[in-house]
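# Working through the structure, step by step
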Amino acid sequence: MINIMKYFCFLAIIFISCSVLDAQNISIFGKIVNTDNEPIAGATVGISGQNKTVNSNADGEYVLTNLQSGKIAVNVSFAGYESKTVEFNLQQNGNNMDFKIDENDTVTYRTDKLQMGVNVTLHKKPVALEAVTITTQRRTQQIFDVPATVSVISSGTLESTNIRSLELLSDFIPGFNARVQTPHRPLFVIRGLTSDDVSPTSQPRVSVYYNDVPVNRIIPVQELYDMERIEVVKGPQGTLFGRGSQIGAINFISRKPSVSGFDGYLSAGFGNYAMKEFEGALNIPVIKDKLAARAAAIYSFQDGYVKNTSGGTLNGKNTVAGRFSARYTPSEKLKIDLTLNYQKDDHPGTAFMSKRYPNVNGVKDIFKYEASLDAGKEWFTRRELFGASIDAQYYISKNSYLTSITSYHSNSAEHRWDGDGSIAPAIDMAETDDTRQFTQELKYNFSINSRINGFLGISYWREEFKQKYWFGPDEQYMAYLLFQMPEYMLNPDGSLGYPIPSIPDLGDPRMGQLVGMSIPNNHQEESTGGAVNQAADIFADATFLLLPKLSLTAGIRLSAENFLASTEAHLKGEVPSTLGYLTQMAPNFFFAQKDYTEFNKDFLSFTWRASLKYDINPNTGIWAGYAKGRRPNVLQFNSAGENEVISSEQLHSFEAGLKWNIAQRYWFDAGIFYQLYSDFQTSKWVNGNYEVDDAGNATSYGFEATAKAFVNRYLDLFGNYAYIHARFDKLNSDGAEQEYGGKTFRLTPEHSFMLGLNLKADISNNLRIILTPTYSYRSHIWFEDSNEMQPEDPSLDRLEQGAYGLLNANLALKMRNPGLTLSLFGTNLTDTKYIIGAGNTGMMFGVPTYVPGAPRMFGVKLRYDF
């Protein structure tokens, strides 16, 4: 860490010196605003003929340095606004000037500092693309400027489409799939790669950020309230988002306080399944132009859509969350943001349902949404999340600044589930997780000669994670599964079969002297795993303007990692397992008895990327690039209790794309990719142990596209499409056949698309009605990398989901004054039957379970903006 600090300080001094030298040359500075005098962040500002381009910062400010004197043309553009060119003569020996170029633009000139001030006002087009700023490359830009496949979901889209979950959000992002069986362990899939974290030391493939802070294991699922935007970037993003972004990153960005005025909103919603949701936010300027605060909160409740005949419901929701943020600007050069987050979930359990066994009413069809889980037990998913971050920025110049982000987050979660999905008490499991995370990042954004724009930085990350599994089977019913007689565990009408009180004589020589031994019905055992994961990184990324239309973007990241893994497993209580003598785990049944043990390893990694972008014209650009991705090594204890280090997963990604903006009304963004994997990390059950395994080599390739069309003021269209071909190679690097050779990556549809529109009509000058229907489609998916089925009973469904589509809609009646919006919304309006999970714990015992997707849901919401 000390060496990394030395390198960072050395490089920072060089780049800051370059910035200072730039400031001593002829320069143009200013601010870009709209007609309401609001700053426009991310606007592109360039000088014709001088190969100089920058983006305005978060306050709309910019500076162009080292300019040549003479006739100057400053070109300013931003999506959704009329582009503008400001022309004047720039002379080193001219007189001080202060004059207007047009109604709202001003130019000032200072001969003593060789500086020209050019403030520009942009006018919004009446029918145009939505103006969206992104920070994907850790600086304020427009999507057009970034040589990567990026999707942005704005606050306007979140509201108009009533996106209330990550599953709905994923429909709007091509090549992205979100599966949430339980909120503490969601699955994010980008281009076929799933972000599961089986071992306490394993790291995700999709990095989740919250206001530029990594929260992968802390807040993978959160309420989408009072958000400014959500950015999703695909492909290896190690230089931008760190080790956990092997295949992409998601950045949730909440609304920040503003000193511009007092405002906010309140909303209340109600729907079927007793749904009720209350949400609000309040922005308060505390000290004029210096201090502002914002508070937001949400309460969201819905009964589960699956009834449990033993009592209660499953797959429901009960969440309360709040956020407080403050922005302090003591001077023009310093800005400090504080953000505090809290969320508490108290959900009913997950509906892991059996297709083999009927419920107590004799029904096997899981789409009757009626489960029969163990009687007299409580199934639940509970979480408590807390986060605090301080983001401080100090501006050396308009486009050069230092950033410090310090954060602390915690997550406590517990989950209990019925592993066999039936009334039989065979598989009863629970999980408790406790996570603490601290991060510190120091970053310097620079602009050299207004041709090289980028950043360099260092970061430190520390995560303490403890995971406890509890297993409490009734072995008198578990015996049916162990002895491979699952059909007798329940009667045909769904009622419980007779328990097996002692080891029967089945003619199996393994049982030997165990025949006749009593089998307990109240055995319990526990396994605890833990990890302390640390990493220190040094990173840099920059865009070089090689020619007026050609730029090179490149970045590197060096990571020094230390992982410590620990484990222990013990009998809980005083009742040992009898069946454990057959599984070789006695006195336990599931977890091998083990005293506390730990081991740790150090790793060093290097990732990088490089892309070329060529602007055919100001509205059309093409790009191509390469990036190296890496998923870190995994420390784990295998089924024999031995220490094991799984090799890091390597990815070589090749991409190319096109971005096309036509008349600020039509947008088309397309990309192709080809990706090569080695030491592919997959997960599977091995003798009662859920382990990471090296599946060898794999290849994926595909195409992604997004399109938007603002036809007129009453109609706009949007949609996306993705094709992904992701398979394990048939042969490994040594030419030997692979176990999963030819298999498809799990949770990866080959084809997916989404189509939608906004249809608007003005009822009066003060009243508008807006209809927003969307239809999303996904082709066939497997739920396991092994593409498994149930060979014992071909009549049972395989662990897969066939192609299906979902129709959602939102109908809003908006009143401009006062700012009232009444919305009617519905999801899965055609009541399509589909599953969101299959296999799960029961698969290991030959009784896989399935989680049905949500049926038709609808509701009404009233919102007041002030």
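See the structure printed just above.
Reading guide: rules and limits
- Residues numbered from 1 in each chain as written.
- Predicted model: local features only at pLDDT ≥ 70, side-chain atom pairs only at ≥ 80, totals over all residues.
- Heavy atoms only, no water.
- Helix = DSSP H or I, 4+ residues; strand = E, 2+ residues; numbered from the N terminus.
- Rg over C-alpha atoms; globule rule 2.2 N^0.38 Å.
- Buried < 20%, exposed > 50% of the residue type's maximum accessible area, 1.4 Å probe, protein only.
- Core = buried A, V, L, I, M, F, W, Y, C linked by side-chain atoms within 4.5 Å.
- Contact = heavy atoms within 4.5 Å.
- Polar contact = N/O pair within 3.5 Å; in protein donor to acceptor, adjacent residues only side chain to side chain.
- Salt bridge = Lys/Arg side-chain N within 4 Å of Asp/Glu carboxyl O.

Looking now at the overall build of the protein chain. A count of helices and strands for the protein chain gives 6 helices and 51 strands. Its C-alpha radius of gyration of 29 Å places the protein chain within 12% of the 29 Å reference for a compact globule of 866 residues. Structurally, the protein chain occupies a C-alpha span of about 105 × 65 × 50 Å along its principal axes. Among the 866 residues that make up the protein chain, the fraction classed as buried is 57%.

Once that is clear, we can look at the nonpolar core. Leu169 and Phe252 are the most contacted members of the largest nonpolar core, which totals 44 residues. Taken together, the elements giving at least two residues each to this core come down to helix 3 (166-170), strand 11 (176-179), strand 12 (187-190), strand 14 (206-210), strand 16 (227-234), strand 17 (248-254), strand 38 (666-678) and strand 42 (715-728). Counting residues per element, this core draws most heavily on strand 42, at 4 residues. Dropping the residues within four chain positions of it, Phe252 is found in contact with Leu166, Leu169, Val208, Tyr209, Tyr210, Asn211, Gln222, Leu224, Met227, Arg229 and Ile230.

The buried fraction of helix 5 (residues 475-482) is high, at 7 of 8 residues. Where helix 5 is buried, its residues contact strand 30 (452-471). At the N-terminal end of helix 5, a side-chain oxygen is found 3.0 Å from the backbone nitrogen of Gln476, two or three residues along, and the residue is Asp474. Backbone geometry just after helix 5 places Gln484 at a positive phi near 55 degrees.

Along the chain, Arg768 falls in strand 44 (residues 767-778). The buried category is assigned to Arg768, whose relative accessible area is 15%. Excluding its chain neighbours within four sequence positions, the residues that come into contact with Arg768 are Arg713, Tyr714, Lys760, Ala761, Asp762, Ile763, Ala812, Leu813, Lys814 and Arg816.

With that out of the way, let us pick up the pattern of salt bridges. Counted according to the given criterion, the structure contains 40 salt bridges. Residue Glu464 is joined to Arg462 by a salt bridge in which the shortest nitrogen-to-oxygen separation is 3.0 Å. You can call Glu464 partly exposed: its relative accessible area is 35%. Since its relative accessible area comes to 28%, Arg462 is described here as partly exposed. Across the pair Glu561 and Arg630 runs a salt bridge whose closest N-O atoms are separated by 2.9 Å.

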